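The primary structure of each chain is shown beneath.
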Amino acid sequence: MDWENLAGQLDDSGGLMPRRPGFLNAPAVRRAMERHGLDAKRLAVRMGVSAVTVRSWIGGRSAPNPARLAALAEALELEMVQLTGVPPALQTLADLRIHAALNQAEAAAAVGVSRTSLSDYELGVSELPDTLVPRLAQAYGATADEVVEAWQRSRDTLGPSK
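Residues numbered from 1 in each chain as written. Predicted model: local features only at pLDDT ≥ 70, side-chain atom pairs only at ≥ 80, totals over all residues. Heavy atoms only, no water.

## Section: the overall build of the protein chain
Alright, step 1. Along its length, the protein chain carries eleven helices and zero strands.
Alright, step 2. When the helices and strands of the protein chain are read in sequence order from the N terminus, they spell out α-α-α-α-α-α-α-α-α-α-α.
Alright, step 3. Across the protein chain, every contact between residues at least 6 apart in sequence was considered, and the portion connecting residues at least 24 apart equals 59%. (Helix = DSSP H or I, 4+ residues; strand = E, 2+ residues; numbered from the N terminus. Contact = heavy atoms within 4.5 Å.)

Encoded structure:
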């Protein structure tokens, strides 16, 4: 995928992304729905949810869980990064997890830490142990460098001020 040109395709309004992890890039979703001839009701039927739920996702009032997000990406033939509007250079640790279609409990179990510890790493309030980096990389389908960089962005953008 051509990441340099992706940012220009993500949001017609000029914004790059919603900054709440897992929330949708509504313009990309609407374009994909139009491309597939889907309205909220038809997409809801494909997804096994109500049309109200789909409208809530698109309107930014709620976010699909990571498994539903992955199913939505598949239904709309979008990459997760297109669906959420968060390009790799801006992903936080939570974004990596969500793009891997894992909720916190699943990710924590996969890497052998508590959900609370994983949450603290995602928020940037705890140092990321070097021993955890390769396990997160494997669980998230990322490189060790991508995990460390995402954690640093988490610390810089979501963590406490220094």
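## Some details on the pattern of salt bridges
Where charged atoms from two side chains of opposite charge come close, those side chains can pair.
Alright, step 1. For the coordinates displayed, the defined rule picks out three salt bridges.
Alright, step 2. The shortest N-O distance in the salt bridge between R42 and D39 comes to 3.9 Å.
Alright, step 3. Among the residues examined, R42 registers a relative accessible area of 51% and is labelled exposed.
Alright, step 4. R155 is the partner of E127 in a salt bridge, and the nearest nitrogen-oxygen pair spans 3.2 Å. Remark: R155 occurs in helix α11 (residues 144–157) and E127 occurs in the loop between α9 (115–123) and α10 (133–140); sequence separation between them is 28 residues. (Salt bridge = Lys/Arg side-chain N within 4 Å of Asp/Glu carboxyl O. Buried < 20%, exposed > 50% of the residue type's maximum accessible area, 1.4 Å probe, protein only.)

## Brief notes about the layout of surface pockets
Alright, step 1. If you add up the space inside the largest pocket, you get close to 290 Å³.
Alright, step 2. Along its surface, the largest pocket is lined by 15 residues, and P88, Q91, L96, H99 and E146 are the ones closest to its centre.
Alright, step 3. For the lining of the largest pocket, the secondary structure elements donating two or more residues are α6 (80–84), α7 (93–99) and α11.
Alright, step 4. The class makeup of the residues in the lining of the largest pocket is eight nonpolar, three polar and four charged. (1 Å grid on protein atoms, 1.4 Å probe; cavity = no way out; pocket = protein on both sides within 12 Å on 5 of 7 lines; lining within 4 Å. Points joined across faces, edges and corners; volume = space filled by probe spheres on them. Nonpolar A, V, L, I, M, F, W, Y, C, P; charged D, E, K, R; others polar.)

In short, the description is geometric, and any link to function would need to be established separately.
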